[in-house]
Amino acid sequence: MSLRDKYLKLLKEVYVGDEKDLEVFEEIMNDEGLGKCKPKFNLKAFIFGWFYLLYKRAVLEAFSVLVISLMIAYLMAYAKIHPLLVLATIIIVNSLLSGFCYYFLYLNKFNRDVDYCGEYNTDIECLKKRVKPKISYVIIALIVIIALIWPWLFALITGYSLKT
């Protein structure tokens, strides 16, 4: 049994999602069980961006998408482009990367999960725990974002000047 067949069998046993997702995974998976960088659209990932990757417990991949979009935003801000345009770019880049690269990113995360749970004799219960979606990562990310932007929100709501 090839590694690709083994990973497809494991995905069918433990993946939480649509049957259409499994068909796309089968289409883009290479012989080593990893995804080929072949853009396939996922609507949920496109709408929710890196939050959807966090929900699917693909933390490293979500962080990578966020860093890429923030680097682009930094370059735009450095070029003195209007802040609202920079914010819109962050949202668009997050959505595009997450929406079109979701399957590729998820297969890489799944490969790490299989390695963690035993590459040769994979523990199915361990794998089910690791692929089960978790909302707590999203909640933590939202709390961190709100904590970081709280001074600006407070100033916007109360009219208080941050410069004083």
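Our subject is the structure listed above.
Each value, and the rule that gives it
- Note that residues are indexed from 1 along each chain, following the sequence as it is written.
- Reporting of local features is limited, given that this is a predicted model, to residues whose pLDDT is at least 70; pairs of side-chain atoms are given and counted only at 80 or more, and all residues count toward the totals for whole chains, interfaces and linings.
- As a convention, hydrogens and water are excluded, and side-chain values are obtained from all of the structure's heavy atoms.
- Working definition: helices are DSSP H or I runs of at least four residues, strands are E runs of at least two. Numbering for both runs from the N terminus.
- When accessible area is computed with a 1.4 Å probe and restricted to protein chains, residues below 20% of their type maximum are described as buried, those above 50% as exposed, and intermediate ones as partly exposed.
- The criterion used for residue contact is that any of the two residues' heavy atoms lie within 4.5 Å.
- In these tables, accessible area is a Shrake-Rupley quantity obtained with a 1.4 Å probe, and a residue counts as shielded only by the protein chains included in the view.
- Charged-residue counts in this description rest on Lys and Arg as positive and Asp and Glu as negative, His and the chain ends being excluded.
- To locate a charge, take atom NZ for lysine, CZ for arginine, CG for aspartate or CD for glutamate.
- A pair of Phe, Tyr and Trp rings is counted when the ring centres sit within 6.5 Å of each other, with Trp represented by its six-membered ring. The angle between the planes then sorts it: under 30 degrees is stacked, over 60 is edge-to-face, the rest tilted.

Attention shifts here to the overall build of the chain. Summing up its helical and strand segments, the chain has eight helices and zero strands in all. Dimensions along the principal axes, computed over C-alpha positions, put the chain at roughly 65 × 30 × 25 Å. The buried share of the chain, reckoned over its 164 residues, is 37%. A fraction of 65% describes how many contacts in the chain between residues 6 or more apart in sequence connect residues 24 or more apart. When the accessible surface of the chain is split by element, carbon and sulfur atoms take 69% of a total near 10300 Å². Of the side chains in the chain, 20 bear a positive and 16 a negative charge, and the two mean positions are spaced by 9 Å.

Time to look at the packing of aromatic side chains. One pass over the full model with this rule turns up 13 aromatic pairs. An angle of 80 degrees between the planes, with centres 5.3 Å apart, marks the rings of Tyr 15 and Tyr 106 as edge-to-face. With Tyr 15 in the loop between helix H1 (3-14) and helix H2 (19-28) and Tyr 106 in helix H6 (residues 83-116), this pair connects stretches of sequence that are 91 residues apart. Centroid distance Tyr 74 to Tyr 78: 6.3 Å. Interplanar angle 25 degrees. Geometry classified as stacked. Of this pair, Tyr 74 and Tyr 78 both sit in helix H5 (residues 59-78), separated by four residues, roughly a single helical turn. Of the two residues, Tyr 74 and Tyr 78, both sit in the exposed class.

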